[in-house]
Amino acid sequence: MRQFSHRTYASLIYLVLLLQVPGGLQAQVRSEPLSPADTSSYRVVLVATGIYVFVAPDGITPMVSGNSTVVIGDDGVLVVDSGQFPSVARWEIAKIRSLTNLPVRYLVNTHWHPDHWLGNGEFRAAFPGVVIVSTPITRNLMETQARPLIDPKIAAATQKAVKGMLSAGKQADGTPIPEGTMLWYRYGLGQLEALAPQLEEVAITYPTELVRDDATFDLGRRPVRVTFLGRGNTEGDLVVYVPDSKTLVTGDLVVHPYPYGFGSFISEWIDRIKQLAAFNATSIIPGHGAVEHDNQYLTEVSVLLESLQRQARSAFGQGMSLEAAAKVVDLTTFRRQMCADGDPYCRYGFDASMAAGFERAYREAKEGKLADQK
Ligand SMILES: [Zn+2]
């Protein structure tokens, strides 16, 4: 199982990453969460004139897919993020065609995680002239980090490994699978089965228009600003802003109901959240989860990240090892707040994400600014 390290799987398949997280779900599930591979679980939300969001199900499951945003101008359309599943991208394209006859001229990829750009090939096939946009860092990470993961063989091997663990009732390290964790594996296995055939269909399509700092794309009397504010959730997060309706699309700098800590840059991310709040946007479209209409959730995220940072610094300052520190970090108030209905999937995902975030915060306390994405 060594080869299934969480580095290998970060972001494509959270499932395996989560195998390494201690603890488990309480066996009190009321219903299974919606799956992002299923188009009937998406909501189409109008946030301003000519701005629609395909809101994916909450990203609280082992595998996730990001929201997509559609901005329609007088001459063309800009889309932010194309999701994880080609079938969902095709469904989105059909919806866009029912909303407008104009072509998609720009497709922005906010960051390198595959759940935000594996649908690119579908958009290119449907709109051959589409210009795909990202930061140069993201373009590079797509090739070096994401590309090796987009491999049906990996999905098949993962399925096999998880099935083996489920039937043995033991985790990779030989310890028994806690009852609740079993639930997570079972759900993730179902999701993998839905994704595996789709990986065969993915036409890897990279961005060609690289935005280093800032660019404006005019859709016809509708300028759209695309900006790199600095490192945060990843090394190359782009944010998209439509000034005429004060609509801000954040990528995974903001994820509802809890932030994703994997591979993040905690102290820089805190600064990014402040910058996002300064937009005073009317609508904030997160990478996953429901659209926000004020800064309240941004504040919650920022308080959480600051707490992670403070606890990591304090533990390191007291000479605690990462392992020891991880046992005493306390985020229960945040978990209660963010997984308000006590959903066990949300609580499990929160713990996994925060364990990863805490490791990053601890490493920052020890090493200073982190050089890597892992
Ligand atoms: Zn995402």
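Quick note: structure is the one above.
Residues numbered from 1 in each chain as written. Predicted model: local features only at pLDDT ≥ 70, side-chain atom pairs only at ≥ 80, totals over all residues. Heavy atoms only, no water.

Q: Got a minute to help me understand the overall build of the chain in this structure?
A: In terms of regular secondary structure, the chain is built from twelve helices and twelve strands. Considering only C-alpha atoms, the chain reaches an extent of 60 × 45 × 40 Å along its principal axes. Counting only contacts in the chain whose residues sit at least 6 apart along the sequence, the fraction spanning at least 24 positions is 71%. Total accessible area computed for the chain in this model is approximately 14,600 Å², and 50% of it derives from carbon and sulfur atoms. Put simply, the chain has 35 plus and 39 minus side-chain charges, and the middle of one group is 3 Å from the middle of the other. (Helix = DSSP H or I, 4+ residues; strand = E, 2+ residues; numbered from the N terminus. Contact = heavy atoms within 4.5 Å. Areas by Shrake-Rupley, 256 points an atom, 1.4 Å probe, with all protein chains shown as cover. Lys, Arg positive; Asp, Glu negative; His and termini not counted. Charge placed at Lys NZ, Arg CZ, Asp CG, Glu CD.)

Q: Mind showing me how you'd approach the coordination of the zinc ion here?
A: Each donor-metal-donor angle would ideally measure 109.5 degrees in four-coordinate tetrahedral geometry, or 90 or 180 degrees in six-coordinate octahedral geometry. Protein coordination of the zinc ion is provided by Asp115 (OD), His116 (NE2), Asp252 (OD) and His288 (NE2), with donor distances spanning 2.0 to 2.3 Å. Coordination at the zinc ion is irregular: its four donor atoms span angles of 86 to 164° at the metal. For the zinc ion, the single-chain donor residues occur in sequence as D-H-x135-D-x35-H. Separated by 172 residues along the polypeptide, His116 in the loop between strand S5 (104–108) and helix H4 (120–126) and His288 in strand S12 (residues 283–288) bring together distant segments of the chain. (Donors = N, O, S within 2.8 Å, 3.2 Å for Na, K, Ca; no water. Tetrahedral: all angles 85-135°; square planar, octahedral: opposite > 155°, others 65-115°.)

Q: Please explain the pairing of strand S1 (residues 43–48) as it appears in this structure.
A: Look at any regular strand and the pattern is simple: side chains alternate between the two faces of the sheet. In this structure, S1 lies alongside strand S2 (residues 51–55), joined through five bridges in antiparallel fashion. When the bridges of S2 are listed, Arg43 appears paired with Val55. Here S1 hands over to S2 after two residues, with Gly50 in that stretch at a positive phi of 70°. (Pairing = 2+ DSSP bridges.)

Q: I keep staring at the sheet that holds strand S4 (residues 77–80) and nothing clicks. Help me out?
A: The strands making up a sheet associate through hydrogen bonds between their backbones, and the pairing can be parallel or antiparallel. Across the sheet, which stays open at both edges, the seven strands sit in the order S1-S2-S3-S4-S5-S6-S7 with mixed pairing between neighbours. With partners counted over all chains shown, the strands left at the sheet margins are S1 and strand S7 (209–210), one partner each. Where S2 lies against strand S3 (residues 68–72), four bridges are found, and the strand directions are antiparallel. Across the sheet, Ile51 pairs through a bridge with Val71, a residue of S3. Contacts between helix H3 (residues 86–99) and the sheet are confined to S1, S2, S3, S4 and S5, with S2 contributing the most and set at about 155° to the helix. (Axes fitted to C-alpha atoms, helices over the stretch in contact; angles between N-to-C directions.)

Q: So what exactly am I meant to see when it comes to the pattern of salt bridges here?
A: Here the idea is simple: oppositely charged side chains can pair when their charged atoms come close. With the rule as written, the count across this model stands at ten salt bridges. Asp74 is the partner of Arg221 in a salt bridge, and the nearest nitrogen-oxygen pair spans 2.7 Å. With Arg221 in the loop between strand S8 (214–218) and strand S9 (223–228) and Asp74 in the loop between S3 and S4, the pair connects residues that are 147 residues apart, well separated along the chain. The partly exposed category is assigned to Asp74, whose relative accessible area is 44%. Between Glu193 and Lys163 there is a salt bridge, with the nearest N and O atoms lying 3.9 Å from each other. Here the residue Glu193 occupies a position in helix H7 (residues 179–201), and Lys163 occupies one in helix H6 (residues 152–168), the gap between them amounting to 30 residues. (Salt bridge = Lys/Arg side-chain N within 4 Å of Asp/Glu carboxyl O. Buried < 20%, exposed > 50% of the residue type's maximum accessible area, 1.4 Å probe, protein only.)

Q: I keep staring at unusual backbone geometry and nothing clicks. Help me out?
A: Negative phi characterises most residues that are not glycine, and trans characterises most peptide bonds. Cis geometry marks the peptide bond from His256 to Pro257; its omega dihedral reads 10°. Its place among the elements puts Pro257 in the loop between strand S11 (247–255) and helix H8 (266–278). Notably, Asp81 is not glycine yet its phi reads approximately 70°, a positive angle. Tracing the backbone through its elements, the reader meets Asp81 in the loop between S4 and H3. When its relative accessible area of 3% is taken as the criterion, Asp81 is described as buried. Positioned with a positive phi, Lys246 is a non-glycine residue whose angle comes to about 50°. Examined against the element boundaries, Lys246 turns out to sit in the loop between strand S10 (238–242) and S11. The class of Lys246 is partly exposed, set by a relative accessible area of 34%.

Q: Is there a simple way to think about the environment of Pro176 in this case?
A: Note on placement: Pro176 falls in the loop between H6 and H7. Residue class for Pro176 comes out exposed when judged on its relative accessible area of 60%. Once the C-alpha coordinates of Pro176 and Leu166 are considered, the two residues, ten residues apart in sequence, prove to be 9.9 Å apart. Sequence-distant contacts of Pro176, that is, excluding residues within four places in its chain, are made with Gly169, Lys170 and Gln171.

Q: Is there a simple way to think about the sheet that holds S10 in this case?
A: The strand order across the open sheet formed by five strands is S8-S9-S10-S11-S12, and the pairing between neighbours is mixed. Strand pairing shows two members of the sheet lacking a second neighbour, S8 and S12, which therefore form its edges. Sheet twist, expressed as the average angle between the axes of neighbouring strands with direction ignored, equals 25°. Across five bridges, S11 lies against S12 in parallel orientation. Bridge pairing in S12 places Val249 opposite Ile285.

Q: What am I meant to see in the pairing of S3 here?
A: Where burial is concerned, most of S3 is hidden: five out of the five residues are buried. Here S3 runs beside S4; their pairing, made up of four bridges, is antiparallel. Note that in S4 the partner of Thr69 across the bridge is Val80.

Q: Any chance you could explain the side chain of Asp252 here in plain terms?
A: Note that Asp252 resides in strand S11. No salt bridge is formed by the buried Asp252; its nearest oppositely charged neighbour, Arg360, is found at 14 Å. There is a polar contact of 3.2 Å between the side chain of Asp252 and the side chain of His111. At 3.1 Å, the side chain of Asp252 and the side chain of His116 are in polar contact. (Polar contact = N/O pair within 3.5 Å; in protein donor to acceptor, adjacent residues only side chain to side chain.)

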